[in-house]
Number of protein chains: 2
Amino acid sequence: MPKRVDHAERRTEIAEALVRVAGRRGLHAVGMRDVAAEAGVSLRLVQYYFETKEKLLLYGLEHLAERFGERVSARLRAAGDDPGPRATVEALLMAALPTDDESRTFHHLYTSYAVMAVHDRALAAQPFIKNPDAAEDALTGLLRQAQDADLLEPGVEPRLEATALLAMSAGLGTGVLVGQRDPESAAAVLDHHLNRVFRTGTATGPRHIGVLPARHDQRADGS
Amino acid sequence: MPKRVDHAERRTEIAEALVRVAGRRGLHAVGMRDVAAEAGVSLRLVQYYFETKEKLLLYGLEHLAERFGERVSARLRAAGDDPGPRATVEALLMAALPTDDESRTFHHLYTSYAVMAVHDRALAAQPFIKNPDAAEDALTGLLRQAQDADLLEPGVEPRLEATALLAMSAGLGTGVLVGQRDPESAAAVLDHHLNRVFRTGTATGPRHIGVLPARHDQRADGS
DNA sequence: ACCATCGTGGTACGTTCGTATCACGAAACC
DNA sequence: GGTTTCGTGATACGAACGTACCACGATGGT
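Numbering of residues begins from 1 in every chain and follows the order in which that chain's sequence is written. Numbering of ligands from 1 and lettering of chains from A proceed in the order in which they are written. Local features in this predicted model are restricted to residues whose pLDDT is 70 or higher, and side-chain atom pairs enter the listing and the counts only when it is 80 or higher, whereas totals over whole chains, interfaces and linings include all residues. Remark: hydrogens and water are excluded; side-chain values derive from all non-hydrogen atoms of the structure.

S.K.: Even after reading the chapter, I still don't get the pattern of salt bridges, so can you show me in this structure?
M.R.: When charged atoms on two side chains of opposite charge get close, those side chains can pair. Any carboxyl oxygen of Asp or Glu that lies within 4 Å of a side-chain nitrogen of Lys or Arg is treated as forming a salt bridge with it. One pass over the full model with this rule turns up 24 salt bridges over all chains. Ionic pairing is found between A:Arg86 and A:Asp191, a salt bridge with its closest N-O pair at 2.7 Å. Taken as a pair, A:Arg86 in helix α5 (residues 84-95) and A:Asp191 in helix α10 (residues 183-195) lie far apart in primary sequence, 105 residues in all. As a salt-bridge pair, B:Arg199 and B:Asp150 come within 3.4 Å of each other at their nearest N and O atoms. In this pair, B:Arg199 is assigned in the segment after α10 (183-195) and B:Asp150 in the loop between α8 (130-148) and α9 (158-177), connecting sequence segments 49 residues apart. Only protein chains enter the accessibility calculation, which uses a 1.4 Å probe; a residue is then buried when its area is under 20% of its type maximum, exposed when over 50%, and partly exposed in between. On the basis of relative accessibility, which here comes to 36%, the residue B:Arg199 falls in the partly exposed class. Connected via shared salt-bridge partners are A:Glu136, A:Asp137, A:Arg159 and B:Arg181. Think of it this way: any DSSP run of H or I at least four residues long counts as a helix, any run of E at least two long counts as a strand, and we number them from the N terminus.

S.K.: Any chance you could explain the packing of aromatic side chains here in plain terms?
M.R.: Aromatic ring pairs are described here by two measures, namely the spacing of the ring centres and the angle between the planes. Residues and elements named next belong to chain B. Here is the rule: rings of Phe, Tyr and Trp (six-membered ring for Trp) pair when centre to centre is within 6.5 Å. Planes less than 30 degrees apart are stacked, more than 60 are edge-to-face, and the remainder are tilted. Inspection of every chain in the model, using the stated rule, returns 6 aromatic pairs over all chains. Between Phe50 and Tyr59 the ring centres are 5.4 Å apart and the planes differ by 55°, which places this aromatic pair in the tilted class. An identical accessibility class is assigned to Phe50 and Tyr59; each is buried. Seen in terms of ring centroids, Phe68 and Phe106 are 5.4 Å apart; in terms of plane orientation they differ by 75°. Their pairing is edge-to-face. Taken as a pair, Phe68 in helix α4 (residues 53-78) and Phe106 in helix α6 (residues 101-117) lie far apart in primary sequence, 38 residues in all. Look at Phe68 and you get partly exposed, because its relative accessible area is 26%. The residue whose ring lies beneath Arg11 is Tyr59, and the NZ or CZ to ring-centre distance is 4.6 Å. Whether a charge sits over a ring depends on NZ of Lys or CZ of Arg being within 6 Å of the ring centre and within 35 degrees of the ring normal.

S.K.: How do you make sense of the protein's contact with DNA strand D when you look at a structure like this?
M.R.: Any residue with a heavy atom lying within 4 Å of a molecule or strand is counted as near it. The environment of DNA strand D is formed by 23 residues, the closest being A:Thr52, A:Lys53, B:Arg10, B:Tyr48 and B:Tyr49. Taking the atoms of DNA strand D that fall within 4 Å of the protein, sugar and phosphate contribute 57% of them. Counting of polar contacts relies on pairs of N or O atoms within 3.5 Å, with two restrictions inside protein: one atom must be capable of donating a hydrogen and the other of accepting it, and residues adjacent in sequence are counted only when both atoms are side-chain atoms. B:Arg10 is positioned such that a nitrogen or oxygen atom in its side chain is 2.4 Å from a phosphate oxygen of DNA strand D. Between DNA strand D and B:Ser42, the relevant distance is 2.8 Å, taken from a phosphate oxygen to a side-chain nitrogen or oxygen of the residue. Of all the elements in the fold, those that place two or more residues in the surface near DNA strand D are α2 (32-39) and α3 (43-49) of chain A together with α1 (7-25) and α3 (43-49) of chain B. In terms of residue count, the dominant contributor to the surface near DNA strand D is α3(B) (4 residues).

S.K.: What should I look at first to understand the protein's contact with DNA strand C in this one?
M.R.: Taken together, 23 residues lie around DNA strand C, and A:Arg10, A:Tyr48, A:Tyr49, B:Thr52 and B:Lys53 are the ones closest in. When the atoms of DNA strand C within 4 Å of the protein are sorted by group, sugar and phosphate make up 59%. The side chain of A:Tyr48 places a nitrogen or oxygen atom 2.5 Å from a phosphate oxygen of DNA strand C. Looking at the surface near DNA strand C, the element that brings in the most residues is α3(A), giving 4 residues. By residue class, the composition of the surface near DNA strand C is 9 nonpolar, 5 polar and 9 charged. Any residue that is not Ala, Val, Leu, Ile, Met, Phe, Trp, Tyr, Cys, Pro, Asp, Glu, Lys or Arg is counted as polar, Gly included; the first ten are nonpolar and the last four charged.

S.K.: Please clarify how the interface of chain B and chain A should be interpreted in this entry.
M.R.: Many authors give the size of an interface as the accessible area that is lost as the parts come together. Contacts between chain B and chain A engage 43 residues on the former and 43 residues on the latter. Summed over both partners, the accessible area (1.4 Å probe) lost when two parts come together is defined as the buried area. Taken together, both faces of the contact between chain B and chain A bury some 3400 Å²; the carbon and sulfur share is 66%. Taken as a group, B:His119, B:Gln180 and B:Arg196 account for 18% of the area that chain B buries against chain A, more than any other trio of residues on that side. Connecting chain B to chain A are 2 salt bridges. For B:Arg181, the salt bridge identified is with A:Glu136, shortest N-O distance 3.0 Å. There are 11 residue pairs in polar contact (both at pLDDT 80 or more) connecting chain B and chain A. Taken together, the elements giving at least two residues each to the side of chain B that touches chain A come down to α1, α6, α8, α9 and α10 of chain B. Ranked by residue count, the leading element in the side of chain B that touches chain A is α9(B), at 9 residues. We call two residues in contact whenever any of their non-hydrogen atoms come within 4.5 Å of each other.

S.K.: What is the right way to look at α10(B) in this model?
M.R.: Given 3.6 residues per helical turn, the α-helix brings residues three or four places apart onto the same face. The first and last C-alpha atoms of α10(B) sit 18 Å apart over 13 residues, in line with the 18 Å expected at 1.5 Å per residue. Within the sequence span of α10(B), burial applies to B:Ala186, B:Ala187, B:Val189, B:Leu190, B:Asp191, B:His192, B:His193 and B:Leu194. Among the structural elements, α9 (158-177) and α10 of chain A together with α5 (84-95) and α9 of chain B are those in contact with the buried residues of α10(B). In a helix, the anticipated span is given by 1.5 Å times the number of residues less one.

S.K.: What exactly am I supposed to notice about the relation of the copies chain B and chain A here?
M.R.: Both copies of the chain are related by a screw-like operation: a rotation about an axis and a shift along it. Superposition of the copies was done by least squares, using only C-alpha atoms of residues whose pLDDT is at least 70 in both. Once chain B is rotated about the relating axis by 180° and shifted along it by 0.0 Å, it coincides with chain A to within an RMSD of 0.1 Å. In the structure described here, the two chain copies are related by an operation that fits a two-fold rotation axis. Both copies present the same face, since 100% of the interface residues in chain B are matched by interface residues at the equivalent positions in chain A.

These figures come from the coordinates and say nothing about function on their own.
If you want it as structure tokens, here you go:
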């Protein structure tokens, strides 16, 4: 049935297969054949839509970053219409923590790509710079807003604090990922730290950390 | 000349070859043959001293962690006899930042191992838990000391702050590693943050960040 | 109705990898 | 001094990998 096929859609399906199998066995252990099997297509097809493995990996990273952006947006939307700067910042940072399977995979693969990017210049040109810088800008903006509304402790530098928070979130995420720390502990550290950035007694009452009930629609296959 | 050979020494030499070549081309791209060539021995020898690749990698990680510990100790010693808690903490955190080739390699390989450890249980049992926990304990102790000497801002929780600082340092290190941020910027963020943890006007005058002139005795081979 | 093109499968090729096997010289031991 | 063990080299093997090649059915254009 070789009807005319939507290439973009097909590529997305295959990229998602890549993400799934890489999340399950590690990016370094993924071959074209694995991706093909996971996507339920032949090896030839993977070759057809992505001529080379490098291109597949590149597209996989793009796809991953995109999905992650959507996830963060969804988290922010789920935090309510105007939840106050503190809750927004918290939602942003928490979204990056590996709390469920989906975010674990994100963190894991993103780190894998980062490691590869150290020696692969094609990868190094990818969203490792662009994407986190955007996040930093957004967070800086949020903090500046909060500062203008007199919601921050004195002496807080929005830009430096944004960088620090993002780095902290990433570092904590790695700790969670390797099993050194559990997600609750990481969230607690983040929360405590935000308490030292935001003035206490603010409107938002962040008693329990807003980790959503993890309604992830990840395909429940083999693993 | 098959004199009796010190196995431990030989294994160390090979492990260092592994670290060198992995730092140059990435851990995932390293084969036994590369390690053998880098160490200047035959493939058989690598097999002889480490029966399998997995054991070689495991030992490489141990060796890496050990070297890193020595590096940190050296930094601390170089900071002076009793440089005050602030300087000690700063030296500790700065040592983890990828500022020169040696620490870049450390950070890079350590992250590579961490990624592998997600799916390799033999690796997961290795110092990923033990080692950072020790660092966290040490840092917590340092902060508690400083707190007892009334050198910290009020409201600082030593344990939580230690975790946060370490995570931040790790996250910043990754940023530096992938070229998203330069070392000076990372150091500045760390410094600013420490200013919000330690009381200002303390004895130690940390005007310029104490990144040593990087007298690293790394073998200057190919790369 | 023809034909060029698209989507697809099967399979083969060359390389590289980790590991195993065989062989041998030199020392250590009794 | 014989023999057993140790250190070392060369090479072979089977598997897996990424990629290339070949063939063919179906479809869309004209």
